[in-house]
Amino acid sequence: MKKTKIGIIGGGNMGGAIIGGICKEYNVSVREQDQKRLQWLKRKYKIVTGDLKTVVKRSQVIILAVKPRSFDSVLKELRPLLKQDQLVISIAAGITCRYVEKRLGTKTRVIRAMPNLPAQVGEGITGICAGKAAGKKDLIFAQVLFSRVGVTAVLEEKYMDALTAASGSGPAYVFLFIESMTKAVRALGFDEKTSRALVLRTIIGSLDLLVQQKEDAGVLRARVTSKGGTTQAAMDVFAKHDFKMVFKEALSAAKKRAKELSK
Ligand SMILES: NC(=O)c1ccc[n+]([C@@H]2O[C@H](COP(=O)([O-])OP(=O)(O)OC[C@H]3O[C@@H](n4cnc5c(N)ncnc54)[C@H](OP(=O)(O)O)[C@@H]3O)[C@@H](O)[C@H]2O)c1
């Protein structure tokens, strides 16, 4: 069977992650303006490269993976090159399907996708929604494609800001947690290397347990917290500083910012 031809515009962090995930299953061509990055991608993956015209001409699906600030100029260049039957997938944070449709023509089939950083190791989660002209087939196509870099969730576009706050920014919350816990362990007297190993192993083990036992995190937390014990002493401090409220406020701020930046 012939491989679907995918053109990727922007082979940076996320574009590169997608290329890595899909280049064996699809026929991938890339337009990347940074020559050093382009050479690196060419050495690492089996891809065709070229200017925008070449990449668009040979592709059935075009993935837009440039930063929102470069987005308008790419859309402007893309419009006269685009054919009716080509599907456009945008991963630009905060750029709505409507915005893309308005600039590429309202009949253009547009899919908006929001992956996250763990896509770089095939463990991402990508939220996907469809524009006005895109159909179920296009959504399924995007799901299959992004499943190469993790799991996918189809949702209505009105949930994209919330998804951005949850899974888009989510890795940073986890890294902050790990960073804080490692510092705290270090303050207990362990060296850097041991602190890192203790924290990472604890987190990986706890996650495995959570996934394998299919329990709520709250249930497992209660299970390791015996009354009057060491864990309880730590939990009391978290409660004093209203850790759960801090999280709620932080995510709500992220969602608000996603909405403000959205266009
Ligand atoms: N990183 C994430 O975790 C993440 C998550 C979800 C969504 N996204 C979205 O993914 C998009 C890309 O983000 P990123 O982090 O991958 O950015 P990035 O690393 O800066 O990658 C973008 C790449 O595109 C290149 N580029 C810019 N304009 C171009 C053009 N006209 N033609 C060809 N290449 C061009 C850039 O080159 P120069 O460096 O020379 O400009 C850069 O190498 C953004 O819209 C972002 O919102 C990212």
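1. Here we look at the site of the ligand
Part 1: Every one of the 20 residues lining the ligand counts as a neighbour, but Asn13, Met14, Glu32, Val66 and Ala93 are closest to it.
Part 2: Interatomic distance of 2.8 Å between a side-chain N/O atom of glutamate 32 and an oxygen atom of the ligand.
Part 3: Out of a free accessible area of 880 Å², the ligand has 81% covered by protein chains.
Part 4: Residue assignment for the shell around the ligand shows that the elements contributing at least two residues are helix 1 (13-22) and helix 4 (68-78).
Part 5: In terms of residue count, the dominant contributor to the shell around the ligand is helix 4 (three residues).
Part 6: Within the shell around the ligand, the residues separate by chemical class into eleven nonpolar, five polar and four charged.

2. Re helix 7 (residues 160-168)
Part 1: If you check which residues of helix 7 are buried, you get Met160, Asp161, Leu163, Thr164, Ala165 and Ser167.
Part 2: Residues of helix 7 that are buried in the fold lie against strand 6 (109-114), strand 7 (124-130), helix 8 (170-187) and helix 12 (243-261).

3. Brief notes about the pattern of salt bridges
Part 1: Scanning the model with the defined rule gives eight salt bridges in all.
Part 2: Note that lysine 158 and glutamate 156 form a salt bridge whose closest N and O atoms lie 3.7 Å from each other.
Part 3: One salt bridge connects glutamate 215 with arginine 223, and the closest N-O pair in it is separated by 3.0 Å.
Part 4: Of the residues examined, glutamate 215 reaches a relative accessible area of 31% and is grouped as partly exposed.

4. Describing the pairing of strand 1 (residues 5-9)
Part 1: When you tally the buried positions in strand 1, you get four out of five residues, the bulk of the element.
Part 2: Judged from the five bridges that link them, strand 1 and strand 2 (residues 27-31) form a sheet pairing that is parallel. From the neighbouring strand, isoleucine 9 faces strand 2, where its bridge partner is arginine 31.
Part 3: Running through helix 1, the crossover from strand 1 to the neighbouring parallel element strand 2 is right-handed.

5. Considerations on the packing of helix 8 against helix 9 (residues 192-213)
Part 1: Look at helix 8 against helix 9: their axes get within 9 Å of each other, and the N-to-C directions meet at 130°. Viewed along their axes, helix 8 and helix 9 adopt a mutual orientation that is oblique. Judged by the sense of rotation from one axis to the other, the crossing of helix 8 with helix 9 is right-handed. Where helix 8 approaches helix 9, its residues Phe177, Ile178, Met181, Thr182, Val185 and Arg186 are matched on the opposing element by Glu192, Ser195, Arg196, Leu198, Val199, Leu200, Thr202 and Ile203.
Part 2: Looking at the contact of helix 8 with helix 9 residue by residue, the classes come out as eight nonpolar, three polar and three charged.

6. Focus: the packing of helix 9 against helix 10 (residues 217-224)
Part 1: Two numbers describe how helix 9 lies on helix 10: the axes approach to 10 Å, and their chain directions differ by 120°. As summarised for this structure, helix 9 and helix 10 are arranged oblique, according to the angle between their axes. Of the two possible hands of crossing, helix 9 and helix 10 adopt the one that is right-handed. Here helix 9 contributes Leu209, Leu210 and Gln213 to the contact with helix 10, which in turn contributes Ala217, Leu220 and Arg223.

7. Details of the pairing of strand 6
Part 1: Of all six residues that make up strand 6, five are buried, and the element is covered over most of its length.
Part 2: Relative to strand 6, strand 5 (residues 87-90) runs parallel, the two sharing four bridges. The residue bridging leucine 87 from the neighbouring strand is arginine 109, located in strand 6.
Part 3: In this view, the connection linking strand 5 to its parallel neighbour strand 6 by way of helix 5 (residues 97-104) has right-handed handedness.

8. As for the domain arrangement of the protein chain
Part 1: Considered domain by domain, the protein chain is made up of domain 1 (5-160) and domain 2 (170-261).
Part 2: Here domain 1 and domain 2 have C-alpha centroids that lie 34 Å from each other.

9. Here we look at the environment of isoleucine 111
Part 1: Checked against the element boundaries, isoleucine 111 lands in strand 6.
Part 2: Among the residues examined, isoleucine 111 registers a relative accessible area of 0% and is labelled buried.
Part 3: Along the sequence, isoleucine 111 and cysteine 97 sit 14 residues apart, while their C-alpha atoms lie 6.9 Å from each other.
Part 4: Dropping the residues within four chain positions of it, isoleucine 111 is found in contact with Leu87, Val88, Ile89, Ser90, Ile128, Cys129, Ala130, Ala134, Asp138, Leu139 and Ala142.

Scoring rules and cut-offs
Here the residue numbering is sequential within each chain, running from 1 through the sequence in written order. Selection of residues for local features in this predicted model requires a pLDDT of at least 70, selection of side-chain atom pairs for listing and counting requires 80 or more, and totals for whole chains, interfaces and linings are taken over all residues. Based on all heavy atoms of the structure, the side-chain values leave hydrogens and waters out of the count. Here, proximity means that at least one heavy atom of the residue falls within 4 Å of the molecule or strand. Any N or O atom pair separated by 3.5 Å or less is treated as a polar contact, with the protein-specific requirement of one donor-capable and one acceptor-capable atom, and with residues adjacent in sequence counted only for side-chain atom pairs. What sets the accessible areas is the Shrake-Rupley method with a 1.4 Å probe; for residues, cover comes only from the shown protein chains. In this text, helices come from DSSP runs of H or I with a minimum length of four residues, and strands from runs of E with a minimum of two, each type numbered from the N-terminal end. Any residue outside Ala, Val, Leu, Ile, Met, Phe, Trp, Tyr, Cys, Pro, Asp, Glu, Lys and Arg is labelled polar, Gly included; the first ten of those are nonpolar and the last four are charged. Burial status follows relative accessibility: with a 1.4 Å probe on protein chains alone, a residue under 20% of its type maximum counts as buried, one over 50% as exposed, and anything between as partly exposed. Only heavy atoms enter the contact rule, under which two residues are in contact if any of them lie within 4.5 Å. In what follows, salt bridge is the name for a side-chain nitrogen of Lys or Arg lying within 4 Å of a carboxyl oxygen of Asp or Glu. In short, DSSP must find at least two bridges between two strands for them to pair. Handedness is read with the strands pointing away from the viewer; a crossover is right-handed when the path from the first strand over the helix to the second is clockwise. Axis definition: a line fitted to C-alpha atoms, limited for helices to the stretch in contact. Angles are taken between N-to-C directions and run from 0 to 180 degrees. The scheme is simple: roughly parallel for angles under 35 degrees, roughly antiparallel for over 145, roughly perpendicular for 65 to 115, oblique for anything else. In a left-handed crossing the near helix is turned counterclockwise from the far helix by less than a right angle, and in a right-handed crossing that turn is clockwise. Boundaries between domains were set according to an automatic or database domain assignment.

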